[in-house]
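One letter stands for each residue in the lines below.
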Amino acid sequence: MSGVSTNGSGPRHGPGEPPAILLQDVRFAYPGTRMAAPALDGVSLAVDPGERVALLGPNGAGKSTLCLHLNGVLRPQAGRVEIGGLPVRGRDLSEIRRRVGLVFQDPDDMLFMPTVAEDVGFGPANLGLPADEVERRTLAALATMGMESAAQRAPHHLSLGQRKRVATAAVLSMDPQVLVLDEPSSNLDPRARRELAERLAELDLTLLLVTHDLPYALQLCERAVVMDAGQVVADGPLRAILADEVLLAAHDLELPYGFAFPALD
């Protein structure tokens with residue numbers, strides 16, 4: 001396929017500038033699965049600062065396992081992981097977890113305080129920041145996601161789309177360099193889907209979008225990495241990958257019936 005590599009990605013960053021995300025020959029198998037294929041089987045990937053990448057693939061491809069390596073929840077059994085040139089290891093984990101913000105598919109896994117403002121300010125407060133800085137970060141993150149009017153509301157009174165935006169604001173309040181989103185459009189109605197995409201499109205961050213929603217990926221990302229069976233099987237411009245029907249079918253990916261590519265600007 002023209003323009004698409006099937007061997008993982010090499011560094012694309014400028015001279016002297018480390019990639020925002022770097023995995024080199026990463027291997028990982030969950031305990032008790034020695035006889036099964038590893039969850040990550042020699043994954044190499046480099047993402048530039050500010051790049052927006054869609055991570056695609058069927059269920060069980062290793063996408064979530066890869067994401068959990070980016071902030072040290074899981075540690076590679078071989079190979080290495082770096083965030084902005086900093087190795088993901090024990091003594092650096094607090095800084096790594098500040099740099100990498102993970103937004104889970106279910107926002108209720110992240111929202112547990114009585115009010116939206118307390119949820120969004122929880123992370124900065126745990127850093128020991130002064131109260132005025134916690135408030136500043138909270139209000140700025142809520143404004144970025146268009147949720148400032150909900151600051152004093154209880155999260156469980158909000159719609160799913162609103163809760164997803166609040167969960168994203170809670171991550172943004174930590175001032176991350178990399179934002180990882182797990183199926184952000186899942187179960188959203190068309191309006192909520194659009195509202196979230198509009199806010200995400202405005203962020204000036206490195207973005208890794210894990211999704212089965214291929215049109216949503218196309219709306220937010222320029223590059224795609226396809227994983228299957230714990231390996232990177234394709235890496236290239238998102239439009240080129242989505243136009244390859246054979247590749248999509250081989251890895252259980254499918255565009256909606258009647259989908260037409262939007263015109264390039």
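Structure's up top.
Small disclaimer: the values here were computed from a predicted structure and weren't measured. (Residues numbered from 1 in each chain as written. Predicted model: local features only at pLDDT ≥ 70, side-chain atom pairs only at ≥ 80, totals over all residues. Heavy atoms only, no water.)

### Comments concerning the overall build of the chain
Helices and strands together make up the secondary structure of the chain, namely 9 helices and 10 strands. For a compact globule of 265 residues, the expected C-alpha radius of gyration is about 18 Å, and the chain comes in at 18 Å, within 12% of that figure. Considering only C-alpha atoms, the chain reaches an extent of 50 × 50 × 40 Å along its principal axes. For the chain, long-range pairs separated by at least 24 residues make up 67% of all intrachain contacts whose partners lie at least 6 apart in sequence. Roughly 12600 Å² of accessible area belongs to the chain as shown, and the carbon and sulfur atoms make up 51% of that amount. Of the charged side chains in the chain, 24 are positive and 34 negative; the average position of the first set lies 4 Å away from that of the second. (Helix = DSSP H or I, 4+ residues; strand = E, 2+ residues; numbered from the N terminus. Rg over C-alpha atoms; globule rule 2.2 N^0.38 Å. Contact = heavy atoms within 4.5 Å. Areas by Shrake-Rupley, 256 points an atom, 1.4 Å probe, with all protein chains shown as cover. Lys, Arg positive; Asp, Glu negative; His and termini not counted. Charge placed at Lys NZ, Arg CZ, Asp CG, Glu CD.)

### Brief notes about the packing of aromatic side chains
Under the criterion given, the structure shown has 2 aromatic pairs. Here Phe112 and Phe122 contribute two aromatic rings whose centre-to-centre distance is 5.0 Å and whose plane-to-plane angle is 85°, an arrangement assigned as edge-to-face. Placement of Phe112 in the loop between strand 6 (100-103) and helix 3 (116-126) and of Phe122 in helix 3 is noted, with a sequence separation of 10 residues between them. For Phe112, a relative accessible area of 53% puts it in the exposed group. The exposure class of Phe122 is partly exposed, given its relative accessible area of 33%. (Phe/Tyr/Trp six-rings, centres within 6.5 Å; stacked < 30°, edge-to-face > 60°. Buried < 20%, exposed > 50% of the residue type's maximum accessible area, 1.4 Å probe, protein only.)

### Observations regarding unusual backbone geometry
Positive phi, close to 45°, is recorded for Glu183, a residue that is not glycine. Turning to its location among the elements, Glu183 is positioned in the loop between strand 7 (178-182) and helix 6 (190-201). By relative accessible area, which is 10% here, Glu183 ends up buried. Positive phi, close to 50°, is recorded for Ala229, a residue that is not glycine. Following the sequence through the fold, Ala229 ends up in the loop between strand 9 (223-228) and strand 10 (231-237). A relative accessible area of 48% places Ala229 in the partly exposed class.

### Concerning the pattern of salt bridges
Opposite charge on two side chains lets them pair, provided their charged atoms get close. Here the structure, examined in full by the defined rule, presents 15 salt bridges. Put simply, Arg80 and Glu82 hold a salt bridge, and the shortest N to O gap is 2.1 Å. The salt bridge partner of Arg99 is Glu95, with a shortest N-O separation of 2.9 Å. On the criterion of helical spacing, the pair formed by Arg99 and Glu95 is a turn pair, its members being 4 residues apart in helix 2 (residues 93-99). Residue classification places Arg99 among the buried residues on the basis of a relative accessible area of 15%. (Salt bridge = Lys/Arg side-chain N within 4 Å of Asp/Glu carboxyl O.)

### Focus on the environment of Val26
On the secondary structure map, Val26 appears in strand 1 (residues 21-28). Judged by relative accessible area, Val26 falls into the buried class, the value being 0%. For the pair formed by Val26 and Cys221, sequence separation is 195 residues and the distance between their alpha carbons is 24 Å. Those residues in contact with Val26, other than ones at most four positions away along the chain, are Leu40, Asp41, Gly42, Val43, His69, Pro76, Ala78, Gly79, Arg80 and Val81.

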